[in-house]
Amino acid sequence: MEVRQISNECIDDCTKMYMDVFSKKPWNEFWDYASANERLFTVFENPNFVGIGVFDENQDLIGFVVGFTEKWLELTNFYISEMCVSTDMQGKGVGSLLLSKLEDVCKKKDINRIELLTSRGGHAESFYKKNGYYTSGKVILMAKRLPKN
């Protein structure tokens, strides 16, 4: 496996993987190509974008993590927008490898903290906890649904 930083040249492969992975259990979400590509494009086009991909021996993408940095007072945080590992490679250490390489990149860029949102009680939460992440007691997610016009 090869791990390297990625940019727009990988967005098509990332989009296809994103659609495939998140259409299956446990997510069961329907993403068409246009919606998934738009979701990822907004992340890739952020001026503070950072992306890391894992590639197999044939140079096929098998996992990625993408997000962006942002300042918060004296700190620089990295926000994970999306992380995705191909279905057949899940449970084989690819996700943990991505997080480890992300930490290396963040340390080199003097980033102080990595943050993300995930569903409570699911597989993703236990995966991130296994990799040293914790549930912050300082922040909560708040939302408001807006009525349709």
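Residues numbered from 1 in each chain as written. Predicted model: local features only at pLDDT ≥ 70, side-chain atom pairs only at ≥ 80, totals over all residues. Heavy atoms only, no water.

### A closer look at the sheet that holds strand β1 (residues 2-5)
To be explicit about the condition: At least two DSSP bridges between two strands are required for those strands to pair. The numbering of helices and of strands both runs from the N terminus, where a helix is a DSSP run of H or I of at least 4 residues and a strand a run of E of at least 2. Every axis corresponds to a line fitted to the C-alpha atoms, with the helix fit spanning only the stretch in contact, and the corresponding angles, defined between N-to-C directions, vary from 0 to 180 degrees. By definition, residues are in contact when any of their heavy atoms lie within 4.5 Å.
Taken together, the five strands give an open sheet; going across it, the order is β1-β2-β3-β4-β5, and neighbouring strands pair in mixed fashion. Each end of this open sheet is capped by a strand with a single partner; those strands are β1 and β5 (113-116). When strand polarity is set aside, the average angle formed by the axes of neighbouring strands in this sheet is 25 degrees. Relative to strand β3 (residues 61-72), strand β2 (residues 49-55) runs antiparallel, the two sharing seven bridges. By the bridge assignment for β3, F55 is matched with L61. The strands touched by helix α2 (residues 33-44) are β2, β3 and β4 (75-85); relative to β3, the strand with the most contacts, the crossing angle is about 50 degrees.

### Observations regarding the packing of helix α1 (residues 11-22) against α2
Note the following rule: By definition in this entry, angles of less than 35 degrees are roughly parallel, angles greater than 145 are roughly antiparallel, angles of 65 to 115 are roughly perpendicular, and the rest are oblique. Crossing handedness is read from the near helix: turned anticlockwise from the far helix by less than a right angle, it gives a left-handed crossing, and turned clockwise, a right-handed one. When residue character is reported, Ala, Val, Leu, Ile, Met, Phe, Trp, Tyr, Cys and Pro are called nonpolar, Asp, Glu, Lys and Arg charged, and the others, Gly included, polar.
Running from N to C, α1 and α2 cross one another at 125 degrees; their axes reach a closest spacing of 9 Å. Compared by their axis directions, α1 and α2 come out oblique. The two elements α1 and α2 cross, and the hand of that crossing is right-handed. Residues I11, D12, C14, T15, K16, Y18 and M19 of α1 form the contact with α2, whose participating residues are Y33, A36, N37, R39, L40, F41 and F44. Of the residues assigned to the contact of α1 with α2, the class counts are nine nonpolar, two polar and three charged.

### Considerations on unusual backbone geometry
The cut-off we apply is this: A simple rule labels every residue: compare its accessible area, found with a 1.4 Å probe on the protein chains alone, to the largest value its type can have, and call it buried under 20%, exposed over 50%, or partly exposed in between.
Between K25 and P26 the backbone carries a cis peptide bond, its omega angle lying at 0 degrees. As for its placement among the helices and strands, P26 is situated in the loop between α1 and α2. Not every positive phi belongs to a glycine, and L73 is a case in point at roughly 55 degrees. With respect to the helices and strands, the residue L73 is situated in the loop between β3 and β4. Under the relative-accessibility criterion, L73 is labelled exposed at 70%.

### Here's the deal with the pattern of salt bridges
Put simply, the rule reads: We define a salt bridge as a contact between a side-chain nitrogen of Lys or Arg and a carboxyl oxygen of Asp or Glu at a distance within 4 Å.
Tallied over the full model, the rule gives six salt bridges. The salt bridge partner of E82 is R39, with a shortest N-O separation of 2.7 Å. Of the two residues, E82 sits in strand β4 while R39 sits in helix α2, which places them 43 residues apart along the sequence. Judged by relative accessible area, R39 falls into the partly exposed class, the value being 30%. Taking the shortest distance from any N to any O, the salt bridge between K129 and E125 comes out at 3.2 Å. Taken together, the positions of K129 and E125, both in helix α4 (residues 123-130) and four residues apart, correspond to about one turn of that helix. Among the residues examined, K129 registers a relative accessible area of 45% and is labelled partly exposed.

Everything listed here is a matter of coordinates, which is why it stays silent on function.
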